[in-house]
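Spelled out, the chains give:
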Amino acid sequence: MKIYPLIHQNFKLDGGAMFGVVPKVIWQRTNPADEDNLIDMTTRSLLIEDGNKLILVDTGMGNKQSEKFFGYYKPTDLYAFDETMNKLGFHRDDITDVFLTHLHFDHSGGAIVRNKKGFYEPAFKNARFWSNKDHWEWAIHPNPREKASFLKENILPIEESGQLNFVPTPKSGREKELKELGMEVIFVDGHTEKQMLPKIQYQGKTLVFMADLLPTTGHIPLPYIMGYDTRPLLTIEERQEIFKKAADENWYLVLEHDPYHEICTLKNTEKGPRLDKIYKFDELFN
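About the thresholds
- Every chain is numbered independently, its residues counted from 1 as its sequence is written.
- Local features in this predicted model are restricted to residues whose pLDDT is 70 or higher, and side-chain atom pairs enter the listing and the counts only when it is 80 or higher, whereas totals over whole chains, interfaces and linings include all residues.
- Side-chain numbers come from the whole structure's heavy atoms, not from hydrogens or water.
- In this text, helices come from DSSP runs of H or I with a minimum length of four residues, and strands from runs of E with a minimum of two, each type numbered from the N-terminal end.
- Every radius of gyration here is taken over C-alpha atoms, with the globule rule written as 2.2 Å times N^0.38, N being the number of residues.
- Throughout, exposure labels follow a simple rule: accessible area from a 1.4 Å probe, protein chains only, divided by the maximum for the residue type, with under 20% read as buried, over 50% as exposed, and the rest as partly exposed.
- Throughout, a contact is declared for two residues whenever any of their heavy atoms are within 4.5 Å.
- Charged residues are defined here as Lys and Arg on the positive side and Asp and Glu on the negative side; His and the ends of the chain fall outside this count.
- In this description, the location of a charge corresponds to atom NZ of lysine, CZ of arginine, CG of aspartate or CD of glutamate.
- For two strands to count as paired, DSSP must find a minimum of two bridges between them.
- Orientation is described by axes fitted as lines to C-alpha atoms, over the contacting stretch for helices, and by angles from 0 to 180 degrees between their N-to-C directions.
- Helix span, as expected, comes to 1.5 Å for every residue beyond the first.
- Residues enter patches when they are more than 30% accessible in relative terms and free of salt bridges; like-charged ones are connected within 9 Å and nonpolar ones (Val, Leu, Ile, Met, Phe, Trp, Tyr) within 5 Å.
- Each accessible area is a Shrake-Rupley estimate made with a 1.4 Å probe; only the visible protein chains count as cover when residues are assessed.
- What makes a salt bridge here is a side-chain nitrogen of Lys or Arg within 4 Å of a carboxyl oxygen of Asp or Glu, nothing more.
- The criterion is simple. A nonpolar core is a set of buried Ala, Val, Leu, Ile, Met, Phe, Trp, Tyr and Cys residues joined through side-chain atoms within 4.5 Å.

Caption draft 1: Structural detail: the overall build of the protein. In terms of helices and strands, the protein carries nine helices and 15 strands. For the protein, whose C-alpha radius of gyration is 18 Å, the value lies close to the compact-globule estimate of 19 Å for 286 residues. Along the first, second and third principal axes, the C-alpha set of the protein runs to 55 × 45 × 40 Å. Counting every position in the protein, which comprises 286 residues, the buried fraction comes to 52%. Residue pairs at least 24 apart in sequence account for 67% of intrachain contacts in the protein once pairs closer than 6 positions are excluded. Between the mean site of the 36 positive side-chain charges and the mean site of the 43 negative ones, the protein shows a separation of 1 Å.

Given below as structure tokens:
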């Protein structure tokens, strides 16, 4: 197995929205804002080469939305997925599986492209796309709070293509083995219904891709949660449980939205979970 971290785009989001009830005077120490109160973000994915499988975990925002749409998020880099793949010796058509932690636009937008005729189609024609039934129903019948994040053009073409697959949800507990992709999946519900976090054994270490349960290192204290979360108290409970396990079992947490830090570990303290160490991917793995 070989894992490559990929950056799709750097962009910006409102700092207040990203930290909810935490005052700016506190969160700006770790995530400084610009004159418009926007903080730096990124869309990081994992590309997993495992035998005859090439798995992409999340896809960033893509590049098919309007200039007005992207104007809200101020992307600072051109979407260069194909160039990145070429440098690694791959082509987008080599991807066998696309694992979507959830279907918000900044995680799923790159899954779909607009073709020359103006129609929407999967960006990876040979891939299986993985979601789960509960989250899929949640996304195609969105609540008013999340409606702006679940864009039909990012979602419905996956089903229409016949490439949609569902990860079974656990009957009890949080974790479910997904043998088809050689990983375990941790299910959490505070941010959105049945968000999925891949848990991967790699070179003797446990990697967990944290998606929106832990966007950046600045979000580690338990109450430092996003205003976007649909069930904030549940998010805190989930973070408390998972962060303690991460510290106890020395998990290496891959940060999807932190533009400066790729991986971190946690430690338990009297004040709750705190940052232990920060790593670059190539510092840990060959």
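Caption draft 2: Up close: the sheet that holds strand β7 (residues 128-131). Read from one edge to the other, the open sheet built from six strands follows the order β1-β2-β3-β4-β7-β8, with strand pairing classed as mixed. Of all the strands in the sheet, the pair left with one neighbour each is β1 (2-14) and β8 (164-166). Averaged over neighbouring strand pairs, the angle between their axes works out to 25° when direction is ignored. With three bridges connecting them, strand β4 (residues 97-99) and β7 associate as parallel partners. Considered in β7, the bridge of V98 is made with F129. Against the sheet, helix α4 (residues 81-88) engages β1, β2 (38-50) and β3 (53-57), with an angle of about 160° to β1.

Caption draft 3: Main features of helix α8 (residues 232-248). Its 17 residues give α8 an end-to-end C-alpha distance of 24 Å, which sits within 8% of 24 Å, the value for a rise of 1.5 Å per residue. Of the surrounding secondary structure, the elements contacted by the buried residues of α8 are β10 (183-188), β13 (252-254), β14 (263-269) and β15 (272-279). Positive phi appears at N250, one or two residues downstream of α8, with a value of about 55°.

Caption draft 4: Molecular detail of a negative patch on the surface. The grouping of D134, E137, E159 and E160 at the surface amounts to a negative patch. Of all the secondary-structure elements, those providing two or more residues to the negative patch are α6 (133-140) and α7 (152-160). With respect to the helices and strands, E160 occurs in helix α7.

Caption draft 5: Summary view of the nonpolar core. L46, F99, L207 and I263 are the most contacted members of the largest nonpolar core, which totals 25 residues. Only β2, β3, β10, β11 (195-202), β12 (205-209), β13 and α9 (281-284) provide two or more residues apiece to this core. In contact with L46, other than residues within four places in its own chain, are I3, Y4, P5, I55, L56, V57, I200, F209, V254 and F281.

Caption draft 6: Structural detail: the sheet that holds β14. Strands sit in the order β9-β10-β11-β12-β13-β14-β15 across an open sheet of seven strands; the sheet is mixed. Edge positions in the sheet fall to β9 (175-178) and β15, since each has one partner strand and no second. With strand direction ignored, the average angle separating the axes of adjacent strands in the sheet is 35°. Summarising the sheet, β11 and β12 pair through four bridges and their orientation is antiparallel. Looking at β12, one finds that Q201 is bridged to T206. In this fold α8 packs onto β9, β10, β13, β14 and β15, with an angle of close to 100° to the strand it touches most, β14.

Caption draft 7: Structural detail: the pairing of β9. The sheet contact formed by β9 and β10 spans four bridges and is antiparallel. Looking at the pairing, K176 lines up with V185 of β10. What sits between β9 and β10 in their antiparallel hairpin is a turn of four residues, with G182 showing a positive phi close to 65°.

By themselves, these observations are geometric and do not establish any function.
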